[in-house]
Amino acid sequence: MGKRVALLTGGGDCPGLNAVIRAVTRRSLDRGYEVVGAREGWRGLVEGRFQPLDDRTISGILPRGGTILGTTRTNPYKEEGGVDRVLMNLAAEGLDALVAVGGEDTLGVASRLHEEHGFPVVGVPKTIDNDLSATDYTFGFDTAVTIATEAIDRLHTTAESHNRVMVVEVMGRHTGWIAVMSGMAGGADVILIPEHPITIEEACADIERRHARGKDFSIVVVSEGYELTYASGETQQIAQEPAATDQFGHVRLGGVGHVLATEIESRTGFETRVTVLGHVQRGGTPTPRDRILATRYGLQAADLVHEERWGTMAALRGDDIVAVPLREAVAELKTVPPAFYEAAKTFFG
Ligand code: F6P
């Protein structure tokens, strides 16, 4: 029997979302199914706002960044009557299935709705942060790392010309995947990440050792979630003001690069500048790798809908796209393994 399938993109946008929308839609239309997009993440399900997805809507969107459906960080569990309205709109729209494309927050809602209400949902893992368990990589991450690496390459030449320390702040929330990968690819001299916090004193010693070897400039990559850590044991997380949290309880990180630069300059005496890459890491066209990964995830999600394997998520294991329980994907954050960070540290200083 033909199905009516809805699709939503939730949380922070990232390159590759449109590639998923295209793949889910194309495969589902080929099966004779109807496809609709929920506007702006879970908000579309709460408010009952949908748009049809057909061959024309998905034409030409593969290389486009962002999401044609819009996105928000709406959490139905935090809205008055939100979950009831989601269930009501699912029925009112005559929907048989939902494909939820998102990170730990969006998929956390999907997993909970499935477990508590038998909601017919499958997930697709998205985030530039790459912090979702149960999959080797999320799409969007490769593009963010590519953008950050290019920035580091560019900062090298200006750092060298001026004999400066350049601090580059990258995103990643509470994990250092973007920092460690772009830092390694770009040949950073120090990388600071939340999972394995080296102290400010150690970072400065690395920079001074490098200068003692005759290298008068340094590149320092810091992840936005790195807590300033001192040899005394004192730590400090830097967040943006006002320190309000979103509906998923996240503070807005950002700003650690500036504090770190002040510390480096005052402790080493080396002139220091800061670049905060911010949302540039999320904008623009996806890399070929992300386009392909997002497409493969989308096709898998459409197949999971066809097979009615609710409560599962498309995931990458090695080179294979497989299905894993949504519950596993959101159980805990996937952090940078110690061995990976140790490899990066070989090149510090
Ligand atoms: O989760 C993706 C991400 O870009 C994080 O790296 C960052 O901390 C956050 O989203 C920024 O969120 P917003 O787009 O709401 O400023």
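Rules of the game
Residues numbered from 1 in each chain as written. Predicted model: local features only at pLDDT ≥ 70, side-chain atom pairs only at ≥ 80, totals over all residues. Heavy atoms only, no water. Axes fitted to C-alpha atoms, helices over the stretch in contact; angles between N-to-C directions. Helix = DSSP H or I, 4+ residues; strand = E, 2+ residues; numbered from the N terminus. Parallel < 35°, antiparallel > 145°, perpendicular 65-115°, else oblique. Left-handed = near helix turned anticlockwise from the far one by under 90°. Contact = heavy atoms within 4.5 Å. Nonpolar A, V, L, I, M, F, W, Y, C, P; charged D, E, K, R; others polar. Core = buried A, V, L, I, M, F, W, Y, C linked by side-chain atoms within 4.5 Å. Buried < 20%, exposed > 50% of the residue type's maximum accessible area, 1.4 Å probe, protein only. Pairing = 2+ DSSP bridges. Near = heavy atom within 4 Å. Polar contact = N/O pair within 3.5 Å; in protein donor to acceptor, adjacent residues only side chain to side chain. Areas by Shrake-Rupley, 256 points an atom, 1.4 Å probe, with all protein chains shown as cover. Expected span 1.5 Å × (residues − 1). Arc of directions from axis to C-beta.

Visitor: Help me out: how do you make sense of the packing of helix H8 (residues 200-212) against helix H9 (residues 256-268) in this one?
Guide: A pair of packed helices is characterised by two quantities: the angle between their axes and the separation of those axes. Taken N-terminus to C-terminus, the directions of H8 and H9 make an angle of 60 degrees; their axes are 10 Å apart at the nearest point. Here H8 lies oblique to H9, going by the angle between them. Judged by the twist between their axes, the crossing of H8 over H9 is right-handed. Between H8 and H9, the residues in contact are Ile200, Glu201, Cys204, Ile207 and Glu208 and Leu260, Glu263, Ile264, Arg267 and Thr268, respectively. Residue composition of the contact of H8 with H9, grouped by class: five nonpolar, one polar and four charged.

Visitor: How should I be thinking about the nonpolar core in this particular structure?
Guide: Soluble globular proteins tend to bury their nonpolar side chains together. The biggest cluster of nonpolar side chains holds 78 residues, and the ones touching the most others in it are Val99, Phe139, Ile191, Leu192, Ile219, Val220 and Leu260. Considering every element that reaches this core, the biggest residue donor is helix H6 (residues 141-162), with eight residues. With residues up to four places along the chain from it excluded, the contact list for Ile219 reads Ile152, Leu155, His156, Ala159, Met166, Val168, Ala188, Asp189 and Val190. Within the second largest apolar cluster, 27 residues are counted, among which are Phe50, Ala100, Val109 and Val121.

Visitor: How should the sheet that holds strand E6 (residues 165-170) be read in this particular structure?
Guide: Pairing between the strands of a sheet comes from backbone hydrogen bonds, and it takes one of two forms, parallel or antiparallel. Pairing is parallel in the open sheet, where four strands are placed in the order E7-E8-E6-E11. This sheet does not close on itself; its edge strands, each paired only once, are strand E7 (190-192) and strand E11 (272-276). When the angles between neighbouring strand axes are averaged without regard to direction, this sheet yields 20 degrees. Pairing geometry for E7 and strand E8 (residues 218-223), over three bridges, is parallel. Of the residues in E8, the one forming a bridge with Ile191 is Val221.

Visitor: I tried to follow the site of the ligand on my own but got confused; where do I start?
Guide: Taken together, Arg73, Ile128, Asp129, Met171, Gly172, Arg173, Glu224, His279 and Arg282 form the complete shell of residues around the ligand. In this structure, Arg73 approaches the ligand through a side-chain N or O atom, which is 2.8 Å from an oxygen atom. Gly172 is positioned with one of its backbone polar atoms (N or O) 3.1 Å from an oxygen atom of the ligand. Here the ligand loses 81% of its free accessible area of 400 Å² to cover by the protein chains. Taken together, the residues that form the shell around the ligand break down as two nonpolar, two polar and five charged.

Visitor: Help me out: how do you make sense of the environment of Asp105 in this one?
Guide: Within the secondary structure, Asp105 sits in helix H5 (residues 104-117). Judged by its relative accessible area of 13%, Asp105 is buried. Taking C-alpha positions, Asp105 is 21 Å from Phe50, a pair spaced 55 residues apart along the chain. Discounting residues that sit within four places of it in the chain, Asp105 has contacts with Arg173, Phe248 and His250. Reaching out from Asp105, the side chain makes a polar contact with the side chain of His250 at a distance of 2.9 Å.

Visitor: What should I look at first to understand unusual backbone geometry in this one?
Guide: Both trends apply: most residues other than glycine have a negative phi, and most peptide bonds are in trans. Despite not being glycine, Ala134 shows a phi value in the positive range, around 70 degrees. Residue placement: Ala134 occurs in the loop between strand E5 (121-125) and H6. What makes Ala134 buried here is its relative accessible area of 16%. In this structure, Asn163 takes a positive phi of about 55 degrees despite not being glycine. For Asn163, a relative accessible area of 41% gives the class partly exposed.

Visitor: I'm lost on H8 in this one. Help?
Guide: Every α-helix winds through 3.6 residues per turn, so residues three or four apart in the chain are directed the same way. Given a rise of 1.5 Å per residue, 13 residues ought to cover 18 Å, and the 18 Å separating the end C-alpha atoms of H8 matches this to within 8%. Here H8 has its buried residues at Ile200, Ala203, Cys204, Asp206, Ile207, Arg210 and His211. For H8, the angular spread of buried residues about the axis comes to 155 degrees, placing them on one side. Gly214 sits one or two positions beyond H8 and adopts a positive phi of about 100 degrees.

Visitor: For this particular structure, what's the right way to read the pairing of strand E12 (residues 312-317)?
Guide: Working note: regular strand, side chains alternate between the two faces of the sheet. Most of E12 sits inside the fold, with five of its six residues counted as buried. Relative to E12, E5 runs parallel, the two being bridged by two bridges. For Val122, the partnering residue across the bridge sits in E12 and is Thr312. Relative to strand E13 (residues 320-325), E12 runs antiparallel, the two being bridged by six bridges. From the neighbouring strand, Thr312 faces E13, where its bridge partner is Pro325.

Visitor: Where do I start with the packing of helix H7 (residues 177-186) against helix H12 (residues 338-345) in this structure?
Guide: Interaxial distance between H7 and H12 falls to 10 Å at its minimum, and their mutual angle equals 30 degrees. With respect to H12, the axis of H7 lies roughly parallel. Judged by the sense of rotation from one axis to the other, the crossing of H7 with H12 is left-handed. Together, Val180, Met181 and Met184 of H7 and Phe340, Tyr341, Ala343 and Ala344 of H12 make up the contact between the two elements. Its residues placed into classes, the contact of H7 with H12 shows seven nonpolar, no polar and no charged.

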